[in-house]
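What the coordinates show
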Amino acid sequence: MNGFLAALKAELYVALRSNSARLLVVLPAFIVIARASVVKLTETGQQAREALLGGGDDVTATSNAWGHFVDSFTTGLTLMSLSLVAYAAWSFANDRDTGALRHVLIRRVSRPGLVLAKLLTVYLLALAALVLLSLGIVAITALLWDFGPVVEDGYELIGSDEIRSEVWLGLRLALIPLPTALAFGVLVSVLAQSATQAVTAALGVTLALDVFKGVLGDAARYLYASFQPSLIDQSYLQDVGRLVRGYSDVMIDPQVLSLNAWVPLPQLALFVVIALLVVRRKAL
């Protein structure tokens, strides 16, 4: 498409020098590290109270890091998703509001090429935020807790290798819907009449899907939002958080895992195609 590379270079140039983009990349990691520190302080205070009350036998026991590791990723991915969806919805609509969009199009950048450049820029910001988030989570959980198998009364409930396998699967399945959510934000940005309307609509619909997926029954399995970590979490990563703590009542449905792997991808393609079709005809 005409001017795609030029538009992408311009978007990356602006993103690298934008304080809002930098904040989006740094904020999830910062909040997760702060949350883990508060959790550790709370645990330490609880252990101290138990020691003073005579429950000293449990004070020396170390908390397994895997549960906190999964919880940190759940929190971080939820924050990432919401903030980047808002940014994706704001990007195109804001350029239209300020008139910057017309200057870019005058320079022979096609409308679809500009939409794809903005979508790819959001994906690159998401990748940078994910890398920083992962490094922060690994560092803080390894510093505050110990990784190891889940042991109860001297019996190993789940080994370290099995835990790593489940955690990796949970993270992979949790990340699959993220590109679809960001594509939805860009679609809303193209459809909306203003940046404020775009951000409000994108976050409103995202939160509405989060609320209603619990009452849709089996039909919710065909929504990308059902598989990503969220405020009302039904993702497989939530189940992994229970598995790595030794809970034996976690039911794993292979069909749901299969739907998690492929349902978001057709919806991603649908959102992108609609955005490209609409932007060709929309008055800018």
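Everything that follows concerns the structure shown earlier in this document.
As a starting point, this report considers the structure included with it. (Residues numbered from 1 in each chain as written. Predicted model: local features only at pLDDT ≥ 70, side-chain atom pairs only at ≥ 80, totals over all residues. Heavy atoms only, no water.)

Concerning the overall build of the protein chain
Assigned secondary structure in the protein chain consists of 11 helices and two strands. In sequence order, the protein chain lays out its α and β elements as α-α-α-α-α-β-β-α-α-α-α-α-α. Its C-alpha atoms put the protein chain at 75 × 40 × 30 Å along the principal axes. Every one of the 284 residues in the protein chain was classed for burial, and the buried ones make up 44%. Looking at the protein chain alone, contacts between residues at least 24 apart form 81% of all its contacts between residues at least 6 apart. Summed over its atoms, the accessible surface of the protein chain is roughly 14700 Å², and 65% of this surface lies on carbon and sulfur atoms. Here the protein chain contributes 21 positively and 21 negatively charged side chains, and the mean placements of these two sets differ by 24 Å. (Helix = DSSP H or I, 4+ residues; strand = E, 2+ residues; numbered from the N terminus. Buried < 20%, exposed > 50% of the residue type's maximum accessible area, 1.4 Å probe, protein only. Contact = heavy atoms within 4.5 Å. Areas by Shrake-Rupley, 256 points an atom, 1.4 Å probe, with all protein chains shown as cover. Lys, Arg positive; Asp, Glu negative; His and termini not counted. Charge placed at Lys NZ, Arg CZ, Asp CG, Glu CD.)

Things to note about the packing of helix α5 (residues 111–144) against helix α7 (residues 178–191)
Relative to each other, α5 and α7 sit at 140°, their axes nearing to 10 Å. The orientation of α5 with respect to α7, classified from their angle, is oblique. The interaxial crossing formed by α5 with α7 has right-handed handedness. Residue-level contacts link V115, L119, V122, Y123 and A126 of α5 to L178, P179, L182, A183, V186 and V190 of α7. (Axes fitted to C-alpha atoms, helices over the stretch in contact; angles between N-to-C directions. Parallel < 35°, antiparallel > 145°, perpendicular 65-115°, else oblique. Left-handed = near helix turned anticlockwise from the far one by under 90°.)

A word on helix α9 (residues 236–243)
Taken residue by residue, α9 has Y236, L237, V240, G241 and L243 as its buried positions. Looking down the long axis of α9, one finds its buried residues gathered within 160° of arc, a one-sided arrangement. Among the structural elements, α3 (65–98), β2 (155–158), α6 (160–175) and α10 (254–262) are those in contact with the buried residues of α9. (Arc of directions from axis to C-beta.)

Structural notes on the packing of α6 against α9
The N-to-C vectors of α6 and α9 enclose an angle of 160°; their axes lie 8 Å apart at closest approach. Overall, the two elements α6 and α9 adopt an arrangement that is roughly antiparallel. In this structure, the crossing between α6 and α9 has a hand that is left-handed. In contact with E166, V167, L169, G170, L171, L173 and A174 of α6, α9 contributes Y236, L237, V240 and L243. Here the residues of the contact of α6 with α9 sort into nine nonpolar, one polar and one charged. (Nonpolar A, V, L, I, M, F, W, Y, C, P; charged D, E, K, R; others polar.)

Remarks on the side chain of E43
Relative to the assigned elements, E43 resides in helix α2 (residues 19–52). Within the buried core, E43 has no salt-bridge partner, and the shortest N-O distance to an opposite charge, that of K40, equals 4.5 Å. (Salt bridge = Lys/Arg side-chain N within 4 Å of Asp/Glu carboxyl O.)

Things to note about the nonpolar core
Residues M80, F92, V115 and V167 are the most contacted members of the largest nonpolar core, which totals 69 residues. Looking at this core element by element, the count peaks at 13 residues for α3. If we ignore the near neighbours within four places in the chain, the residues touching V167 are W66, F69, V70, V240 and V244. (Core = buried A, V, L, I, M, F, W, Y, C linked by side-chain atoms within 4.5 Å.)

Details of the pattern of salt bridges
This model, assessed by the stated rule, comprises seven salt bridges. For D218, the salt bridge identified is with R221, shortest N-O distance 3.8 Å. Between R221 and D253 there is a salt bridge, with its nearest N and O atoms 3.8 Å apart. One end of the pair, R221, is in the loop between α8 (195–212) and α9; the other, D253, is in the loop between α9 and α10, and 32 residues separate them in sequence. A single salt-bridge network, built from bridges that share partners, covers E11, D95 and K118.

With respect to the side chain of Q267
Assignment of secondary structure puts Q267 in helix α11 (residues 264–281). Residue Q267 is classed as buried on the basis of its relative accessible area of 16%. Within the local environment of Q267, its side chain forms a polar contact with the backbone oxygen of Y222, the two atoms lying 2.6 Å apart. (Polar contact = N/O pair within 3.5 Å; in protein donor to acceptor, adjacent residues only side chain to side chain.)

Observations concerning the environment of R280
On the secondary structure map, R280 appears in helix α11. Of the residues examined, R280 reaches a relative accessible area of 53% and is grouped as exposed. Measuring from C-alpha to C-alpha, the distance between R280 and A126 comes to 27 Å, with 154 residues separating the pair along the chain.

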